[in-house]
Amino acid sequence: MAQDPLSLAKLIASRICHDLISPVGAIANGMELVALTGADSTPEFELISDSVAGANARIKFYRIALGMSSADQKLGRSEIGAILRAFYNGTRLTCAWEVQDDCRRTEVQAAFLALLCVASALPTGGQLTVEHDSGTWNIFAQANLVRADEALWASLTSGITPEALEPADVQFAMLPECASTLERRVRFEIADNSLLISF
């Protein structure tokens, strides 16, 4: 039986992230060992160190958001919090993960995809908050400026992916599909200074 397009895309993303995480992790370990030698911290060293940390954080985030996931797998609050802090470090976005319990990886994947959708509409940054209450996930954003592409956002509820979808917007095609596997429907609200995605 042929793989459906979404599963194939997830497999590709998982493979890429898997192959990248080891060498990037090795570089990060090497940087830590150099620091332990007592060598002077130069601007060049700090730049490389920050870049490696940023790459590592992005790979971990995208591995969850875009890769394969299983309802049998769970992610702890501390692990999720660490990934989000690293991912948004140095950006104009901050993210508060207000979910106290461990979560199924499939649900975290949908939440991460929703975060990517919301972030795409915040050109000047903002505050993101993720909550899970009575079985409903809410991803909320507060910002000075909200600029949402109508066609992309409409696809979250219609399930019809816009033609010529850009790579940066792949989360809009994936979120409805992931929500469907969770037997949920995506809803959203857009205001002048806020955004909300629920599923």
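Up top you'll find the structure we're talking about.
Rules used in this analysis
Residues numbered from 1 in each chain as written. Predicted model: local features only at pLDDT ≥ 70, side-chain atom pairs only at ≥ 80, totals over all residues. Heavy atoms only, no water. Helix = DSSP H or I, 4+ residues; strand = E, 2+ residues; numbered from the N terminus. Expected span 1.5 Å × (residues − 1). Buried < 20%, exposed > 50% of the residue type's maximum accessible area, 1.4 Å probe, protein only. Salt bridge = Lys/Arg side-chain N within 4 Å of Asp/Glu carboxyl O. Pairing = 2+ DSSP bridges. Axes fitted to C-alpha atoms, helices over the stretch in contact; angles between N-to-C directions. Contact = heavy atoms within 4.5 Å.

1. Looking at helix α6 (residues 170-181)
Stage number 1. The end-to-end C-alpha distance of α6 is 17 Å, a good match for the 16 Å that 12 residues give at a rise of 1.5 Å each.
Stage number 2. Those residues of α6 not exposed but buried are Gln171, Phe172, Met174, Leu175, Pro176, Cys178 and Ala179.
Stage number 3. At the exit of α6 stands Glu183, carrying a positive phi of roughly 60°.

2. So, the pattern of salt bridges
Stage number 1. Per the counting criterion, the structure on display carries two salt bridges.
Stage number 2. Taking the shortest distance from any N to any O, the salt bridge between Glu107 and Arg104 comes out at 3.5 Å.
Stage number 3. Given the relative accessible area of 30%, Arg104 is considered partly exposed.
Stage number 4. A salt bridge links Glu107 to Arg184; its shortest N-O distance comes to 3.0 Å. One end of the pair, Glu107, is in helix α4 (residues 105-119); the other, Arg184, is in the loop between α6 and β6 (187-190), and 77 residues separate them in sequence.
Stage number 5. Residue Arg184 is classed as partly exposed on the basis of its relative accessible area of 22%.
Stage number 6. Where salt bridges share partners, they join Arg104, Glu107 and Arg184 into one cluster.

3. Digging into the sheet that holds strand β7 (residues 194-198)
Strands in a sheet are paired, the pairing made by backbone hydrogen bonds, and the direction either parallel or antiparallel.
Stage number 1. Read from one edge of the open sheet, five strands run β2-β4-β5-β7-β6, paired in mixed fashion. Both outer strands of the open sheet, β2 (93-97) and β6, are each paired with one neighbouring strand and no more. Each neighbouring strand pair of the sheet contributes to a mean axis angle of 15°, computed without reference to strand direction.
Stage number 2. One ladder, built from four bridges, connects β6 with β7; its direction is antiparallel. Bridged to Glu189 within β7 is Leu196.
Stage number 3. Packing of α4 onto the sheet brings it into contact with β2, β4 (126-133), β5 (136-142) and β7, and relative to β5 it is tilted by some 25°.

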